Structure formats: C-alpha cells, structure tokens
Amino acid sequence: LCVDGPAFDNLETMSKFLALGMELPKLVAAVTATPAAKLGRPDLADLAPGSTGDVTVLEPIEGDFSLVDVTGATRRTPRKPRTRAVGMGGRLWHEA
C-alpha cells in the first residue's frame, strides 16, 4: 500500500488515469473485472443477484484538483470521482 502517497488509494489512482485520458469503461474494467479474472475469481466483479461482487457507486465532482506522481510532479484536473455509496452483500453498507 501507498497510504502516505502519492497513490493513497484506488480512487486516487483512478483519478490519475482519468486525468491522463483513460476512458471510463476501460478504467472500470481495469479496477474490477481484470484483477478479479487475474485472481481466478471473476465472481468478485459480478453484480448479478446472488453473486459475491460488491459495488462502489461513484459520482463525478467538478473543481480544481491536484494529482501528484511519485516524482512529486503535479498535474491539475477539473474533475475526479468521489464515493457516493458502497454496497456489500446485496445491501447498502455506506452512503456518503
């Protein structure tokens, strides 16, 4: 983990890829279905009723945000995702 930066967490890393121009559908697959498949657990990315997949609902927020890389270089971006809600086991676990 890199909780002290500059990655911090998955959402921060996603923000950086969006700022670099990665398309949202490809980014979502890169942080869900792709790692689940690599682990041999495609069920982790499955949101069908009765599946084991959990869900994080994101919403875009507008502003002026700084994103810092490992060398300390900063890139500005006008938007990034924010967590709106988290569902686990078929139920709402947290709402922001």
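The structure presented is a predicted model; accordingly, all values stated were derived computationally and were not measured. (Residues numbered from 1 in each chain as written. Predicted model: local features only at pLDDT ≥ 70, side-chain atom pairs only at ≥ 80, totals over all residues. Heavy atoms only, no water.)

J.: When you look at the pattern of salt bridges in this model, what are you seeing that I'm missing?
T.: When the charged atoms of two side chains lie near each other, side chains of opposite charge can form a pair. Tallying each qualifying case throughout the model produces 4 salt bridges. Measuring nitrogen to oxygen at the nearest pair gives 2.8 Å for the salt bridge that ties Asp43 to Arg41. The class of Asp43 is partly exposed, set by a relative accessible area of 26%. With a shortest N-O distance of 2.9 Å, Glu59 and Arg82 are connected by a salt bridge. Residue Glu59 is found in strand β1 (residues 55-68), and its partner Arg82 is found in strand β2 (residues 74-88); the two are separated by 23 residues along the sequence. For Glu59, a relative accessible area of 25% corresponds to the partly exposed category. (Salt bridge = Lys/Arg side-chain N within 4 Å of Asp/Glu carboxyl O. Buried < 20%, exposed > 50% of the residue type's maximum accessible area, 1.4 Å probe, protein only. Helix = DSSP H or I, 4+ residues; strand = E, 2+ residues; numbered from the N terminus.)

J.: How should I be thinking about the sheet that holds β1 in this particular structure?
T.: Hydrogen bonds along the backbone pair up the strands of a sheet, which may run parallel or antiparallel. The sheet built from 3 strands is open, its strands ordered β1-β2-β3 with antiparallel pairing. Each end of this open sheet is capped by a strand with a single partner; those strands are β1 and β3 (91-95). Within the sheet, the average angular offset between the axes of one strand and its neighbour, ignoring direction, is 30°. Each of β1 and β2 is contacted by helix α1 (residues 10-19), which is oriented at about 135° to β2, the strand it contacts most. (Pairing = 2+ DSSP bridges. Axes fitted to C-alpha atoms, helices over the stretch in contact; angles between N-to-C directions. Contact = heavy atoms within 4.5 Å.)

J.: Can you help me understand α1 in this one?
T.: Since there are 3.6 residues in each turn of an α-helix, residues three or four apart along the chain are aligned in direction. Every buried residue of α1 is accounted for by Glu12, Met14, Ser15 and Lys16. Buried residues in α1 make contact with α2 (24-31), β1 and β2. For α1, the capping residue at the N-terminal end is Asp9, with a side-chain oxygen 3.2 Å from the backbone nitrogen of Leu11. Trailing α1 by a residue or two, Gly21 shows a phi angle of about 105°, which is positive. (Polar contact = N/O pair within 3.5 Å; in protein donor to acceptor, adjacent residues only side chain to side chain.)

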